[in-house]
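# Geometric and topological summary
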Amino acid sequence: MKHLFLLLAFLPFFLSAQEDAKYLEGAVPVENGKVVFTKEIQIPSLSQNEVYETALKWAEERFNNEDCRVVYQNRDKGEMAATGKEYIIFSSTALSLDRSKMSYQVLIYCQDQLCTIKLTNIRYDYDVAYQREPEKYIAEEWITDENSIRKGKLNRISGKFRRKTIDFADELFTGAMNAFGQQAMQTQAVTPTPSKEAETAPVKETKPAAQSGAILNAPEGFTRMDAGNIPNTLKQLLPDSDMRIKMADNNLNESKAEWKGISTLFGKEIASFSADANSAFCKGVKEGEIYTIQFSKKPFSQDAVWMILECKMQGLTPDGNNQTVIGEIVNVWIK
């Protein structure tokens, strides 16, 4: 009886330790310096197109509102991407609510008999009662082993973000796996090695400017910058600038567009903007065509243009009455 009493007394401790193990060392995978949760779903009976159809149906049902939606589709390559903003809730009572808005990106790669899903680009906006502005964190500086584990235990603050993010990834991957039903087999969470990454999601090298139709010479008074090195201080100026979109090879232009931002998609730097779906630009632009996004001080003036993004059109995604235009940045010019 004494042994039974001791066992019952320590049972909550053992259960808690077992639960914590799920969130400890190695639970947050890091790939090339980025936090990337990855799931491979093997479906032996399906072709790439069938995998793509099933994954797309799941993605459109899972990401189906203004804050969570599919933003990129490419059936030929078997690729799609979604972005989301959702609350993760740490605790909720009648008197208080402790939560954080989490933004993220989901990349989906479809092949014969295989669907690979990646959850990455995770950021948090955490409202704190005593501050007017939310605290902002990125996963790479907040939930990795070195930032959220001390002496084998989770930190009190960053640890709760780590727990809920891991739970979110598990729920996301379970939903995708369920979409494939009983056909899904041998599923596993993986941290891809570089060779595996190349195998499951090859990234094409960006063609030289002469091959892509890009501008060969810098516009007068501008200096070229690598797309991956644009400082955040400059990116923050873009939403407050006036912009114009101009095609390189025809007269299709767009002056009424809403800037969406710069992100990384399938290893490429991407610029996105939203425009009227019935505009001549959205109806006329074709995949692979080159256009520029010019940013000017308000009101727009050609003499006041201070940045030019030269882009290669990658795709259009419906956004209500608008279309979101997604383009790979092939050149950046700064004045």
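Above this text is the structure in question.
Now for a look at the structure at hand. (Residues numbered from 1 in each chain as written. Predicted model: local features only at pLDDT ≥ 70, side-chain atom pairs only at ≥ 80, totals over all residues. Heavy atoms only, no water.)

The next thing to look at is helix α4 (residues 156-179). Spanning 24 residues, α4 covers 35 Å between terminal C-alpha atoms, matching the ideal 34 Å at 1.5 Å per step. Immediately downstream of α4, the backbone of G181 shows phi near 60°, a positive value. (Helix = DSSP H or I, 4+ residues; strand = E, 2+ residues; numbered from the N terminus. Expected span 1.5 Å × (residues − 1).)

Take the environment of E141 next. Note that E141 resides in the loop between β8 (135-138) and α3 (145-148). Sequence separation of E141 and S158 is 17 residues, and the distance between their C-alpha atoms is 9.7 Å.

Further remarks concern the packing of aromatic side chains. Taken as a whole and judged by the stated rule, the model has 16 aromatic pairs. The interplanar angle of 75° and the centroid separation of 5.6 Å between the aromatic rings of Y137 and F161 together place this pair among those described as edge-to-face. Of this pair, Y137 sits in strand β8 while F161 sits in helix α4, and the two are 24 residues apart along the sequence. Directly above the ring of Y87 sits R99, whose terminal nitrogen or CZ lies 3.6 Å from the centroid. (Phe/Tyr/Trp six-rings, centres within 6.5 Å; stacked < 30°, edge-to-face > 60°. Lys NZ or Arg CZ within 6 Å of the ring centre and 35° of its normal.)

Attention now goes to the side chain of D167. Tracing the sequence through the fold places D167 in helix α4. Judged by relative accessible area, D167 falls into the buried class, the value being 19%. (Buried < 20%, exposed > 50% of the residue type's maximum accessible area, 1.4 Å probe, protein only.)

Our next topic: a nonpolar patch on the surface. Together, Y87, I89 and L97 give the surface a local cluster of nonpolar side chains, amounting to about 280 Å² of exposed area. By secondary structure assignment, the location of I89 is in strand β5 (residues 79-92). (Patch = residues over 30% accessible without salt bridge, like charges linked within 9 Å, V, L, I, M, F, W, Y side chains within 5 Å. Areas by Shrake-Rupley, 256 points an atom, 1.4 Å probe, with all protein chains shown as cover. Salt bridge = Lys/Arg side-chain N within 4 Å of Asp/Glu carboxyl O.)

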